[in-house]
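Here are the chains, one letter per residue:
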Amino acid sequence: MATSKAIARDESDYDSSSSSLTTLPESSRSWMTNLSFSSRRRSSSVSVCSSTTTDTTTTSSLYLSSHAKPHKANQAAWEAMSRLRRDSNGHLGLHHFRLLRRLGGGDLGNVYLCQIRNPLVVGSKQSLYAMKVVDREALSVRNKLQRAQMEKEILGMLDHPFLPTLYAEFDASHYSCLVMEFCPGGDLYASRQRQPGKRFSIQSTKFYAAETLLAMEYLHMMGIVYRDLKPENVLVREDGHIMLSDFDLSLKCDVVPKLLRSKSSFKNTPRGSSSSTTAHPACAAPMQSCFSSASFRSKSKRENRVITIIRENAGVQKQQEQKEDEGEEDVDDEEDDEPELVAEPINAKSMSFVGTHEYLAPEVISGQGHGSAVDWWTFGVFLYEMLYGRTPFKGENNSKTLLNILKQPLAFPRIAASSSKEYEEMVRVQDLISKLLVKNPKKRIGSFTGSVEIKRHEFFRGVNWALIRSIRPPEVPADMNKIRSSSNKVLLPKLSKKDRDQPYRITHNFDYF
Ligand SMILES: Nc1ncnc2c1ncn2[C@@H]1O[C@H](COP(=O)(O)OP(=O)(O)OP(=O)(O)O)[C@@H](O)[C@H]1O
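Residues numbered from 1 in each chain as written. Predicted model: local features only at pLDDT ≥ 70, side-chain atom pairs only at ≥ 80, totals over all residues.

### Brief notes about the overall build of the chain
Right, on to step 1. Summing up its helical and strand segments, the chain has 17 helices and 11 strands in all.
Right, on to step 2. Of all 513 residues assigned to the chain, the portion counted as buried reaches 45%. (Helix = DSSP H or I, 4+ residues; strand = E, 2+ residues; numbered from the N terminus. Buried ≥ 20, exposed ≤ 12 C-beta atoms within 10 Å, placed from the backbone.)

### Description of helix α13 (residues 398-407)
Right, on to step 1. Residues of α13 that are buried include every one of N398, T401, L402 and I405, and no others. Down the axis of α13, the buried side of the element spans an arc of 95 degrees, and every buried residue falls inside it. (Arc of directions from axis to C-beta.)

### Considerations on the pairing of strand β3 (residues 128-135)
Right, on to step 1. A large share of β3 lies buried, amounting to 6 of its 8 residues.
Right, on to step 2. Where strand β2 (residues 109-116) and β3 come together, 7 bridges link them in antiparallel fashion. Note on β3: the bridge partner recorded for N110 is V133.
Right, on to step 3. Judged from the 7 bridges that link them, β3 and strand β5 (residues 175-181) form a sheet pairing that is antiparallel. (Pairing = 2+ DSSP bridges.)

### Observations regarding the sheet that holds β3
Right, on to step 1. Strands sit in the order β1-β2-β3-β5-β4 across an open sheet of 5 strands; the sheet is antiparallel. Unpaired on one side and paired on the other, β1 (97-105) and β4 (166-172) mark the two borders of the sheet. For this sheet, the mean inter-axis angle between neighbouring strands, taken without regard to orientation, is 25 degrees.
Right, on to step 2. As paired strands, β4 and β5 are joined by 6 bridges and run antiparallel to one another. Bridge pairing in β5 places D171 opposite S176.
Right, on to step 3. Lying on the sheet, helix α3 (residues 76-87) is in contact with β2, β3 and β4; it crosses β4 at an angle near 40 degrees. (Axes fitted to C-alpha atoms, helices over the stretch in contact; angles between N-to-C directions. Contact = placed C-beta atoms within 7 Å.)

### Some words on unusual backbone geometry
Right, on to step 1. Its identity is not glycine, yet K198 carries a phi of approximately 55 degrees, on the positive side.
Right, on to step 2. Even without being a glycine, R227 presents a positive backbone phi close to 70 degrees.
Right, on to step 3. Looking at where R227 falls in the secondary structure, it is placed in the loop between β6 (224-225) and β7 (234-236).

### Considering the environment of E217
Right, on to step 1. With respect to the element layout, E217 can be found in helix α7 (residues 202-221).
Right, on to step 2. Classification of E217 by C-beta neighbours within 10 Å gives buried; the count is 26.
Right, on to step 3. Spatially, the C-alpha atom of E217 lies 10.0 Å from that of K455, the residues being 238 residues apart in sequence.
Right, on to step 4. Excluding anything up to four places from it in sequence, E217 contacts G450 and S451.

### Let's talk about the nonpolar core
Right, on to step 1. Counting 102 residues, the largest nonpolar core has M131 and L383 as the members making the most contacts within it.
Right, on to step 2. Among residues more than four places away in sequence, those in contact with L383 are T205, A209, V429, L432 and I433. (Core = buried A, V, L, I, M, F, W, Y, C linked by C-beta atoms within 7 Å.)

### With respect to the pairing of β5
Right, on to step 1. Judged by how many residues are buried, β5 sits mostly within the fold: 7 of 7 residues are covered.
Right, on to step 2. From the end of β4 to the start of β5, which pair antiparallel, there are 2 residues, and S173 there has a positive phi angle of about 55 degrees.

### Observations regarding the packing of α7 against helix α12 (residues 373-388)
Right, on to step 1. At a minimum axis separation of 10 Å, α7 and α12 run at an interaxial angle of 160 degrees. Between α7 and α12, the crossing angle belongs to the class labelled roughly antiparallel. Judged by the sense of rotation from one axis to the other, the crossing of α7 with α12 is right-handed. Counting all contacts with α7, which are made through I202, T205, Y208, A209, T212, L213 and M216, the residues of α12 involved are D375, F379, F382, L383, M386 and L387. (Parallel < 35°, antiparallel > 145°, perpendicular 65-115°, else oblique. Left-handed = near helix turned anticlockwise from the far one by under 90°.)

### As for helix α14 (residues 420-436)
Right, on to step 1. The first and last C-alpha atoms of α14 sit 24 Å apart over 17 residues, in line with the 24 Å expected at 1.5 Å per residue.
Right, on to step 2. Those residues of α14 that sit buried are E424, E425, R428, V429, D431, L432, I433, K435 and L436.
Right, on to step 3. Looking at the packing, one finds that the buried side of α14 touches α7 and α12. (Expected span 1.5 Å × (residues − 1).)

### Topic: the confidence of the model for the chain
A low pLDDT score tells you not to read the predicted coordinates there in detail.
Right, on to step 1. When pLDDT is averaged across the chain, the result is 72; 62% of the residues are at 70 or more.
Right, on to step 2. This model gives residues 42-66 a pLDDT under 50, and the stretch forms 70 contacts once residues within four places in sequence are excluded.
Right, on to step 3. Contacts for the low-pLDDT stretch residues 501-513, under 50 throughout, to residues beyond four places or in other chains number 16 contacts.
Right, on to step 4. The ipTM value of the predicted complex is 0.96, and its pTM value is 0.74. (pLDDT = per-residue confidence, 0-100.)

### Things to note about the packing of α12 against α14
Right, on to step 1. Two numbers describe how α12 lies on α14: the axes approach to 8 Å, and their chain directions differ by 145 degrees. Note that α12 runs across α14; the crossing there is left-handed. In contact with W376, W377, F379, G380, L383, Y384 and L387 of α12, α14 contributes V429, L432, I433 and L436.
Right, on to step 2. Classifying every residue of the contact of α12 with α14 gives 10 nonpolar, 1 polar and no charged. (Nonpolar A, V, L, I, M, F, W, Y, C, P; charged D, E, K, R; others polar.)

### Structural notes on the environment of E151
Right, on to step 1. Looking at the secondary structure, you find E151 in helix α5 (residues 145-157).
Right, on to step 2. The exposure class of E151 is buried, given the 23 C-beta atoms found within 10 Å.
Right, on to step 3. Among all residues touching E151, those that are not within four sequence positions of it are F247 and D248.

Next comes the structure, spelled out in structure tokens:
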């Protein structure tokens, strides 16, 4: 799993005692001394809960209970859980589940592979779930209960193919249990370690980045700023598609949708690389249907009908109109001037210092307050790491990393392209990364119209956003039946037979929680 590899890689980075804050801006220094650092990149999110925190924790009207997840309605795992809920009159407990093995642990709790304890259904027919178990008492002592609550609330809201489905949640003694979809493919950090040169190919990067972008688009629509994107938090589902995980650092805020005219709104978005004027690249075979050029133009029309994210900016609008007069090519010219519903939490503002060092946005470090644009910064770092096998501003220690993020210009390693097509793709993705890793959040791509700006960048040209969930991913994890049969063998720390069979008694012996 990524966990152990991440420990090996970054253990020293999260030693707060070695951090020197002397070279950081004055605005950062006073409150950065309160930071709590954990020891692994996996759980390296740092947070400061001080009086400067202004996160809004509104109860959203969009809250969906775990009983209503339309996109999972016909799934066996969902049906099994609904049946269980019916049979138990809605009173689920730990005794309804058999914990099979520990999948991993983080700052908030441990995650276990589990099955419904049902003597009538045995072996390979049983659905597998991931259960996150959080010790509320321990978190309360560490002042982290609110983070766990936030994660639970957010998980309850989500209903999207690239985000976790919360199948059930219940309390057992002072433990909170969240039952979610199990992702057998591990995470993208571990997956990257297995790639040649520990780097994903440009096509695999495009695939994972496109799905991640859709997940973040949905989160922003729901008023959620994710704030902790990194390959470790992108899990690979049974079918090879992705699932973002770990929402305890997310910020939930109100999002006020607006209706804007499409033409003017798209005119104000930064466009793709001026140097990437060549035909879109041919893609690796499995992804061809998704990344075909034919789909690109029709996609533009479709997008007009989905919820998109727009921010008005008269100045930029003017510039774009001027460009149009100059005759610049623009696919939007062919589109109707339909109104668009806009839903980006651009007014979200937080003073919290949260994230993972190498992924922190400059505005988070400088403590000036940040909003949804932090997710577009982390998306840039994510793309960079997937492609180059390291993050762009990593220093010898955490303080150097933070300084580099604030001061160091972005640079790309030289990588020989195997073909002119790959070279062109590299130029495009570098252009996108350069636009995402703009230190001023107001000038960063995505800050005007959110994900729609990024989806329209040349690098994603040809991606069929509507069909991406149906195409074959770069890698598909081992057969689920094999995982089921191996779940009782020694792959990960195994639970004792007693604990497996009697999880409801483990309150007396909770050594593995
Ligand atoms: N649905 C899942 N399927 C498979 N493994 C999972 C699932 N959810 C979490 N895990 C694994 O469990 C581990 C801990 O999960 P998670 O990151 O949610 O915990 P956390 O306490 O919030 O961690 P962090 O310290 O990063 O905030 C991770 O290694 C992750 O890979």
